[in-house]
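# Overview (structure and organization)
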Amino acid sequence: MSITQFRNDSKLINIVFKDRLDRKFTIESRINEPITTLLNRNHIPIDSVIVRKNNVIIDDWQERIEHDGEYTIEMVRAYHLPDFLSLLRLWDTKAAQGKIKIREDSFYTKRMFLHNDDDGDYTATQTSFNKEEFVQYMEKTFSDGINLHNLIEPGETIGLAMSGGRDSLSLGYFLSNTKKDLPDFNISSIHVGTFSKPAETKFANEIANQFGFDFKLVNDDDVKKIFNLKVSPHEVLEFIKYDLNKSYSIGATHVIMRAAVESEAKKQGLKKITYGLMTEDIMASIIKSMFVGMPFSGPIKKSFGRFDLIYPLWSISKKELTLYLEAMVPQHNKQGSPSIFERGAFSRDIYYLVADTIETILPGAGMQLFLAQKMTNEFLKPYQYSECKNCGVTYSLSYRPEKHNIVLDAHDDSDQELCDLCKILEKHNYIS
Ligand SMILES: [Zn+2]
């Protein structure tokens, strides 16, 4: 797949951008470029402007820039878009002129817009790190993130759901390099082999050895037993992805993974489970919960039925984690492709793009969102959780997808004994 390449000889024309203060800016456009691409390329929200061609308002969604037109883009809202975009370095204007580079050995610049509760406005901050400083900063961010919210109690054993990807490796480094700053704890790692490639399973085992974690592999047969399946877990996922509902296949994968991890944790008598969710993962979950009207608890730790869940990577973004690994062990910093069951759903694209876009225009938005979410949760009544009568997974009684989603409508509301996946499996005669 390639983005349309404009020929080198494609001509540029100047377009006038007018804000509500009647200031004029010049934007370059290529002939034949869709107007929406032009707007998006310049971070101008489509609904913040009207576009005129030769003084007549046009439908900007349906037009390309033509060589014989004279175009103006006018803001319909009065906020200081050019100034703000210049500050964010999304526009290169006089407001952001001059040298950008502050230090030659910079490896990463952390930017935050911090909300000031006293005056209700934001302050922009940025700090640059070289590679060594960055590693230290990340490890401090990690241990502070754990200690700030008391995620680890002294002496406890924590069940770690381990994928065998680079997130697991990073978490291993973080946990072992910050040991002196954290309470004493043991890790019992649980790897669900069902949806992993053999290389990932092998790597999960190696990581456990390297960092001194207990290691338990939950394989296909275990999953089959947990769910009382008549068929293999893969057949179930194939059925869900291709026959039932494509967008539920990630959801179903997650239920299976969680059921496997929880089942092993119960066997070992573990109360606390940790998953490697990072800033954007949690942001995407919060955004989803707001958009579909689903309760969200947490965001950094939560009581979840019989378990306590913690997300020790909450304060770190995927980009930062990738850079951390690059600084620590560049040879391991290769990205595997996601499994086929993690692809395809439109909804996942939406929530992650919204989360990433919010971070682009409001750096540090995740941190603020979590703080706000924590306060909101304090006003809400506690969530209720139950355990599925078939697979034993913990699920929320506060939200039943079938009320919202006809495709998943397997049973009537009175049946509250099976998790949403097992309801589907039972209806389609996959479990005995
Ligand atoms: Zn179940």
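Remember, it's a predicted structure, so these values are computed and weren't measured experimentally. (Residues numbered from 1 in each chain as written. Predicted model: local features only at pLDDT ≥ 70, side-chain atom pairs only at ≥ 80, totals over all residues. Heavy atoms only, no water.)

## Regarding the pairing of strand 6 (residues 108-115)
As defined by bridge partners, strand 6 adjoins strand 7 (residues 122-129) across eight bridges and the pair is classed as antiparallel. Directly across from Arg-111, in strand 7, lies its bridge partner Gln-126. The hairpin formed by strand 6 and strand 7 contains six residues between the paired strands, and Gly-120 there has a positive phi angle of roughly 75 degrees. (Pairing = 2+ DSSP bridges. Helix = DSSP H or I, 4+ residues; strand = E, 2+ residues; numbered from the N terminus.)

## Re the sheet that holds strand 2 (residues 24-30)
Pairing is mixed across the open sheet formed by five strands, whose spatial order is 2-1-5-3-4. Both edges of this open sheet fall to strand 2 and strand 4 (56-57), since each of them pairs with a single strand only. Sheet analysis places strand 1 (residues 12-18) next to strand 2, joined by seven bridges and oriented antiparallel. When the sheet's bridge partners are listed, Asn-14 is paired in strand 2 with Glu-28.

## Quick word on the environment of Asn-177
Examined against the element boundaries, Asn-177 turns out to sit in helix 4 (residues 166-177). Exposure remark for Asn-177: the relative accessible area of 29% places this residue in the partly exposed category. As for Asn-177 and Gln-136, which are separated by 41 residues in sequence, their C-alpha atoms are 9.7 Å apart. Residue contacts for Asn-177: discarding those within four places in its chain leaves Glu-139, Tyr-324 and Met-328. For Asn-177, the side chain forms a polar contact with the side chain of Glu-139, separated by 2.9 Å. (Buried < 20%, exposed > 50% of the residue type's maximum accessible area, 1.4 Å probe, protein only. Contact = heavy atoms within 4.5 Å. Polar contact = N/O pair within 3.5 Å; in protein donor to acceptor, adjacent residues only side chain to side chain.)

## A closer look at the side chain of Ser-297
Relative to the assigned elements, Ser-297 resides in the loop between helix 9 (279-292) and strand 12 (301-304). Within polar-contact distance, the side chain of Ser-297 engages the side chain of Tyr-385 at 3.2 Å. Once residues within four sequence positions are removed from consideration, Ser-297 is found in contact with Lys-302, Asn-377, Tyr-383 and Tyr-385.

## Considering the sheet that holds strand 11 (residues 272-274)
What the six strands build is an open sheet, ordered 10-9-8-11-13-12; its pairing is mixed. Only two strands of the sheet have a single neighbouring strand rather than two, namely strand 10 (214-218) and strand 12. Adjacent strand axes in the sheet meet at a mean angle of 25 degrees when their direction is disregarded. Direction of pairing for strand 9 (residues 185-192) relative to strand 10: parallel, over a ladder of five bridges. Paired with Ile-190 across the two strands is Lys-216, which belongs to strand 10. Helix 5 (residues 198-211) contacts strand 9 and strand 10 of the sheet and is inclined by roughly 160 degrees relative to strand 10. Across the sheet, helix 8 (residues 249-268) lies against strand 8 (156-161), strand 9, strand 10, strand 11, strand 12 and strand 13 (307-310), angled at about 135 degrees from strand 9, the strand it touches most. (Axes fitted to C-alpha atoms, helices over the stretch in contact; angles between N-to-C directions.)

## Notes on the packing of helix 7 (residues 233-244) against helix 8
Contact geometry of helix 7 with helix 8 gives a least axis separation of 9 Å together with a crossing angle of 160 degrees. Between helix 7 and helix 8, the angle is such that the two are roughly antiparallel. As for how helix 7 packs across helix 8, the hand of that crossing is right-handed. For the pair helix 7 and helix 8, contact is made by Leu-237, Ile-240 and Lys-241 and by Ser-249, Ala-252, Thr-253 and Ile-256, respectively. Among the residues forming the contact of helix 7 with helix 8, the class breakdown is four nonpolar, two polar and one charged. (Parallel < 35°, antiparallel > 145°, perpendicular 65-115°, else oblique. Left-handed = near helix turned anticlockwise from the far one by under 90°. Nonpolar A, V, L, I, M, F, W, Y, C, P; charged D, E, K, R; others polar.)

## Overview of the coordination of the zinc ion
Note on metal geometry: ideal angles are 109.5 degrees for four donors arranged tetrahedrally and 90 or 180 degrees for six donors arranged octahedrally. Donor atoms from the polypeptide that bind the zinc ion are Cys-388 (SG), Cys-391 (SG), Cys-419 (SG) and Cys-422 (SG), placed at 2.3 to 2.4 Å. Metal-centred angles of 106 to 113 degrees between the four donor atoms at the zinc ion mark the site as tetrahedral. Read in sequence order, the donor residues coordinating the zinc ion give the pattern C-x2-C-x27-C-x2-C. Linking Cys-391 in the loop between strand 14 (385-387) and strand 15 (394-396) with Cys-422 in helix 13 (residues 420-427), this pair joins segments that are 31 residues apart in sequence. The buried category is assigned to Cys-422, whose relative accessible area is 0%. (Donors = N, O, S within 2.8 Å, 3.2 Å for Na, K, Ca; no water. Tetrahedral: all angles 85-135°; square planar, octahedral: opposite > 155°, others 65-115°.)

## Structural notes on the nonpolar core
General note: in soluble globular proteins, nonpolar side chains tend to be found buried as a group. Residues Phe-142, Phe-227, Cys-391, Cys-419 and Leu-421 are the most contacted members of the largest nonpolar core, which totals 91 residues. Counting residues per element, this core draws most heavily on helix 8, which supplies seven residues. Every residue in contact with Cys-419, bar those within four places of it in the chain, is listed here: Val-255, Cys-388, Cys-391, Val-393 and Tyr-395. In terms of nonpolar packing, the next biggest core, distinct from the first, is built from 20 residues, Phe-17, Phe-25, Ile-31 and Leu-39 among them. (Core = buried A, V, L, I, M, F, W, Y, C linked by side-chain atoms within 4.5 Å.)

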